[in-house]
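Descriptive structure summary
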Amino acid sequence: MFAAALRPAALVARRAVFRPTRAAVSARALSVSAARRSEHPTPQIYGEGAKAGEIPTDENQSTGLERLQILGAIEGVEVFDLAPLDSSRVGTLADPIKVYSLEPERIVGCTGSPAESHELLWFTLNRDKNRRCPECGSVYALDYHGSDDHAEHH
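Heads up: these notes are all about the structure in this document. (Residues numbered from 1 in each chain as written. Predicted model: local features only at pLDDT ≥ 70, side-chain atom pairs only at ≥ 80, totals over all residues. Heavy atoms only, no water.)

Together, Leu65, Leu68, Phe80 and Leu82 make up a nonpolar patch on the protein surface, roughly 420 Å² of accessible area in all. Of the residues examined, Leu68 reaches a relative accessible area of 42% and is grouped as partly exposed. (Patch = residues over 30% accessible without salt bridge, like charges linked within 9 Å, V, L, I, M, F, W, Y side chains within 5 Å. Areas by Shrake-Rupley, 256 points an atom, 1.4 Å probe, with all protein chains shown as cover. Salt bridge = Lys/Arg side-chain N within 4 Å of Asp/Glu carboxyl O. Buried < 20%, exposed > 50% of the residue type's maximum accessible area, 1.4 Å probe, protein only.)

Structure (C-alpha cells):
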C-alpha cells in the first residue's frame, strides 16, 4: 500500500522536473481511496486527545500498540503474552516445545532446561522448520495461529 501511495508522488515529482513551475499548482500526492473502499473497519489506534485546558491521560493520548495494551488492561485482558516458555523439559524432534504466534516468524530466546542453565541465546523460528538450541539441544516449533494469506499483506 505504501508503494501504491508513492507512485502518484513520483509521477508528480517527474512532471515538476520537466515542466516549468506555475503559480498555485496543487497536486494530491497521497490517496486514501484504498482505505475508504476497504471492507475492513478502520482500527481505533488513535486516542481522542485531551480537552482544552486538561492534562491528557495515557488513555487519551496513546496510539498504536501502546493503545491496544492500555485498552486491553482496562478490559482486564492481557494483550501480550509475557509468560516464559515451558522450561521444565527439553524439547525433542518428536515432541518440540510449541511457541504460539500470530506471525509466520518469531524470535525466541532459550536459557536451557532447567531454566538459567546456560546464557540466553536468541534465534528465529518460522513455520517451515523447527529450530534446535545450539547450547542445550532443545527443539522449538512455531505454533502458528495466523491467517493463511498473511504473506499476501506484506
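A few words now on helix 4 (residues 64-75). Structural remark: α-helix, 3.6 residues per turn; residues separated by three or four positions point the same way. When the terminal C-alpha atoms of helix 4 are compared, their 17 Å separation across 12 residues agrees well with the 16 Å that a helix rising 1.5 Å per residue should span. In the core, the buried residues of helix 4 are packed alongside helix 3 (58-61). Taken from the residues just after helix 4, Gly76 is the one with a positive phi, measuring 80 degrees. (Helix = DSSP H or I, 4+ residues; strand = E, 2+ residues; numbered from the N terminus. Expected span 1.5 Å × (residues − 1). Contact = heavy atoms within 4.5 Å.)

To continue, consider the environment of Thr92. Tracing the chain through its elements places Thr92 in the loop between helix 4 and strand 1 (97-101). When the C-alpha positions of Thr92 and Ser138 are compared, they lie 6.2 Å apart, and in sequence the two are 46 residues distant. A distance of 2.9 Å separates a polar atom in the side chain of Thr92 from the backbone nitrogen of Asp95. (Polar contact = N/O pair within 3.5 Å; in protein donor to acceptor, adjacent residues only side chain to side chain.)

Further remarks concern the side chain of Ser138. In this structure, Ser138 sits in the loop between strand 4 (131-132) and strand 5 (139-144). Of the polar contacts made by the side chain of Ser138, one reaches the backbone nitrogen of Gly91; its length is 3.0 Å. When neighbours within four sequence positions are excluded, Ser138 is seen to be in contact with Val90, Gly91, Ile97, Arg131, Arg132 and Cys133.

So far we have only geometry, and geometry alone does not tell us how the molecule works.
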